[in-house]
Every structure is written in C-alpha cells, then in structure tokens.
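# Coordinate inspection notes
Listed here are the chains, written in short residue letters.
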Amino acid sequence: MASPKNTAAFTTYGDHEVIVPKNKLRKVVSNRQLEPGEDDPIARAEKALADLSGEFASWMDSECERLDKARHLVSVAGFTSANKEALFHAAHDIKGEAATFGFPAMASAADSLCRLIEHTPDPTRIPIKLVDQHVDAARAIYREYDRSDAVALANQLTKRLREVTDEFLIHENRGRPDVIEQIMGPSIVPEG
Amino acid sequence: MVRIDFNRLRFLVIDDNAHMRRILRTLLHGFGAREVHEAEDGAAGLEAFTHYVPDVVITDWAMPIFDGLELTQMIRQPGANANPYVAIIMLTGHSEKKRVTAARDAGVTEFLAKPISAKGLYQRIVNVIANPRPFIKTKTYFGPDRRRNVNPNYVGPERRKGGKADVIKQSPLLEKVRTSG
C-alpha cells in the first residue's frame, strides 16, 4: 500500500499541517476547444438521460410501491427503528428522484414526509393519519400526473400537508428554539 | 473552456438505489467516462474503493450498513488506504445547513443536492479535478481545506495557530490551464 507521505508535500504549522497531494490527474485537464461537430459533453449526457427517460415512469411506480409497503409496516407494527428508517428512506428517495424522473410535483409531498419523520423527537407520537395523508398524496400525484391541472392540485395539496406538518413539528419541538430554527431555515445548498 | 478527458478517469458510484446508480452511470458515460464502478452500500463501497482505487468517488448519504458520511470518514484516514486524498462528491437529497456542514467536516470535497442535473454533476467533477484544494490535518480534522476563499476584510481572530495559515499560496490548476492556453 502506498504511503501518502510519498505523494504529498507537507508544511507543518503550530497546530495543523497543510498537505498538497501530488496531482496525478493533471494530465486529464486541458483547455482544448470543442472541435467542429464535436458534442458538448453536458449536452451528450443530457441526451443519454433523455434516451433513458422511457423507463422513468415505471421506476417511479416501483418507488411508490416501496413507499406504500413502508407505510403499511408502520401502520401494522408502529414506528420501530427499522420501520421508521424504511419509510424515511423511501420518501427521501422519491424527493431526490421526482424531478429527474419527470414528476417534480411529487417532491414536496415526499419532502414534507421526510421532515415529519426526521424532526419529530418521539416518532411514536406521529399521527398515522398524517403519514397516510402524505403517502396517499404522493401516490395520487403520480397517478394523476397526466391531468392538465395535476401540478396545481399537487401544489395545493402539499402546501396544506406542509402547513399541518410544520404546526405539528413546532408543537413537538416546543422549548427547542434551535431545532425549530433549523427546521424552518432555508437550504444553503446552491442549485444545480 | 476547461475540459476533462473523462475516459482517463476512474469513477466509483455508491448508492443503494439502483435507479440512481443507473442515472449516474448514464451521465458519466455521456460525459465520456469509460470506467464506472458501482457499489450499493457503504461497506461494499469501501471495499470497491480499496479494490479499484478510483479517481473520483460519488456517494449518496443515506445508505445501509454505514452511510456516506461514515464512508467518507473511513476514506479520510491518512496512511490507512492508497488514496485518502481522493475527490469525494456527496450527492444527496439532504440540503439543510446542518447536513452540509457535517458533510464538509467529514472531509467531503463537493456537495451536490438532488435533483441531479448533467450540468451540476459536470461542474462538480471539473472543479475537483481541475482545481484541487490542499488538505488540512489537525487533531480533529483531515480533509480538503474548508476555507474556499480568503476574505481580505476578515478582522476576527485567526483560529489556525502557528503563522502563515491564512496566507497559504495555492496553485490552482484551473488558473494554470487558463493562462497557459
């Protein structure tokens, strides 16, 4: 196994070291201009993704089934650690995939469910009815996505779900202003 | 325009969601990459990292066995593996400030929030390859320099002790390429 000491320059200061690793990838960088007729790599990747998009609806269908199964386990056996993890994970994946798969209006419902699970200090206090409403909303949005008013309806539905969820979270985290600030704070991640 | 020869890079994609692995593989091949390895959880990811010695690791956060954060901490162990300096891009649906800070403090090189886009992924890869940051090692941290910028107007105390920490000259490859072209 190679020692990193052999591949980096070390400069030692009072309480820290600055290490400049040998840049073995220098050779792959250039400022070569695109040749005439040569595809832009980003456009090429977008086209490859578009070619794959025929599969996205069935992928989202299987994600919805997974979410429904996770919800069923919670309904039957409650918020055990494993059930909570499975439900959160299923919702979290839908949140991340919704826009890529062509169903961006599903992301908010999934995100609201993630927040409900993640930020409730005692998950056994989460009303199953509120979980059901989130899961049913996500599945209905997917099922009715071809409707011309689907996005508007989805936005209305998820806005209300989010309001109810936030109200519940604020109540459950009363006395924890730092948590409430974190829950209600905006994301700091840049887009795209 | 800075360009990367993707076909000379080795990628490792770690995500428990098969759909997302397929998306990432498709995008990377679209960029021109030939060598894309996959793993479906943190443990398999660490094994694949040791076996394939990738140039770039793209990992999800939430995964079974151990997650992307723990995987990053295991990779960022000086002397423990062949390349603790490897570029790590964390691709995740988490985007809260607390999460981004935790990823940064674990030693992640770049953070990319879902939904994924070809442009966003391409930019992160170009940045980690063309403009690598020096690494900092302290008692509590080993990873890419968390100071991405030097603020000339900063007037607070210098938290790094021992002199020149605030004036370390980097040699960004991106600049070299721009000036040499």
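Residues numbered from 1 in each chain as written. Chains lettered and ligands numbered in written order. Predicted model: local features only at pLDDT ≥ 70, side-chain atom pairs only at ≥ 80, totals over all residues.

## A few points about the overall build of chain A
Put simply, the rule reads: A run of DSSP states H or I qualifies as a helix once it reaches four residues; a run of E qualifies as a strand once it reaches two. Both are numbered from the N-terminal end. When we talk radius of gyration, it's over C-alpha atoms, and the globule rule is simply 2.2 Å times the number of residues to the 0.38. For every residue, the other C-beta atoms within 10 Å of its own C-beta are counted; 20 or more classify it as buried, 12 or fewer as exposed, and values in between as partly exposed. C-beta atoms are placed from the backbone. Think of it this way: build a C-beta for each residue from its backbone, and any pair within 7 Å is a contact.
Check the secondary structure of chain A and you find seven helices and three strands. When the elements of chain A are put in sequence order from the N terminus, they spell out β-β-β-α-α-α-α-α-α-α. For 192 residues, the compact-globule estimate of 2.2 N^0.38 gives 16 Å, and the C-alpha radius of gyration of chain A, at 23 Å, exceeds that figure by more than 25%. Principal-axis analysis of the C-alpha atoms gives chain A an extent of 60 × 55 × 30 Å. For chain A, the residues scored as buried account for 30% of the 192 residues in total. The long-range fraction of contacts in chain A, counting pairs at least 24 apart against all pairs at least 6 apart in sequence, stands at 59%.

## Looking at the packing of helix 2 (residues 56-77) of chain A against helix 5 (residues 128-143) of chain A
Residues and elements named next belong to chain A. Short version of the rule: Axis geometry follows a simple rule: fit a line to the C-alpha atoms, using only the stretch in contact for helices, then measure angles between N-to-C directions, giving values from 0 to 180 degrees. Any angle between 65 and 115 degrees counts as roughly perpendicular, while under 35 counts as roughly parallel, over 145 as roughly antiparallel, and the rest as oblique. Handedness of a helix crossing follows the sense of rotation of the near helix relative to the far helix, less than a right angle counterclockwise being left-handed and clockwise being right-handed.
Running from amino to carboxyl end, helix 2 crosses helix 5 at an angle of 165°, the nearest separation of the two axes being 10 Å. When the axes of helix 2 and helix 5 are compared, the pair comes out roughly antiparallel. The element helix 2 and its partner helix 5 pack so that their crossing is left-handed. Counted together, Met 60, Cys 64, Leu 67, Asp 68, Arg 71, Val 74 and Ser 75 of helix 2 and Ile 128, Val 131, Asp 132, Val 135, Ala 138, Arg 139 and Tyr 142 of helix 5 form the full contact between these two elements.

## Looking at the interface of chain B and chain A
Note the following rule: Any residue that is not Ala, Val, Leu, Ile, Met, Phe, Trp, Tyr, Cys, Pro, Asp, Glu, Lys or Arg is counted as polar, Gly included; the first ten are nonpolar and the last four charged. In short, DSSP must find at least two bridges between two strands for them to pair.
The partner chain A presents 45 residues to the 59 residues of chain B that form the contact. Elements that contribute at least two residues to the side of chain B that touches chain A include exactly strand 1 (3-4), helix 1 (18-31), helix 4 (97-106), strand 6 (110-113), helix 5 (118-130), strand 7 (135-137) and helix 6 (173-180) of chain B. A per-class count over the side of chain B that touches chain A returns 30 nonpolar, 15 polar and 14 charged. The sheet contact formed by strand 2 (residues 17-21) of chain A and strand 7 of chain B spans three bridges and is antiparallel. By the bridge assignment for strand 7 of chain B, Val 18 of chain A is matched with Ile 136 of chain B.

## Section: the pairing of strand 4 (residues 56-59) of chain B
Residues and elements named next belong to chain B. Side chains of strand 4 alternate between two faces, with Val 56 and Ile 58 and Val 57 and Thr 59 buried alike. Of the pairings in the sheet, the one linking strand 2 (residues 10-14) to strand 4 comprises four bridges and is parallel in character. Across the sheet, the residue bridging to Ile 14 is Thr 59, located in strand 4. When strand 4 meets strand 5 (residues 87-92), the two strands line up parallel, connected through four bridges. Residue pairing for strand 5: Ile 58 is matched across the bridge by Ile 89.

## Notes on the sheet that holds strand 7 of chain B
Strand order in this open sheet of four strands is 1(A)-2(A)-7(B)-8(B), and the pairing throughout is antiparallel. Two strands in the sheet have a free side with no partner beyond their single neighbour: strand 1 (8-12) of chain A together with strand 8 (142-144) of chain B. Ignoring strand direction, the axes of neighbouring strands in this sheet form an average angle of 25°.

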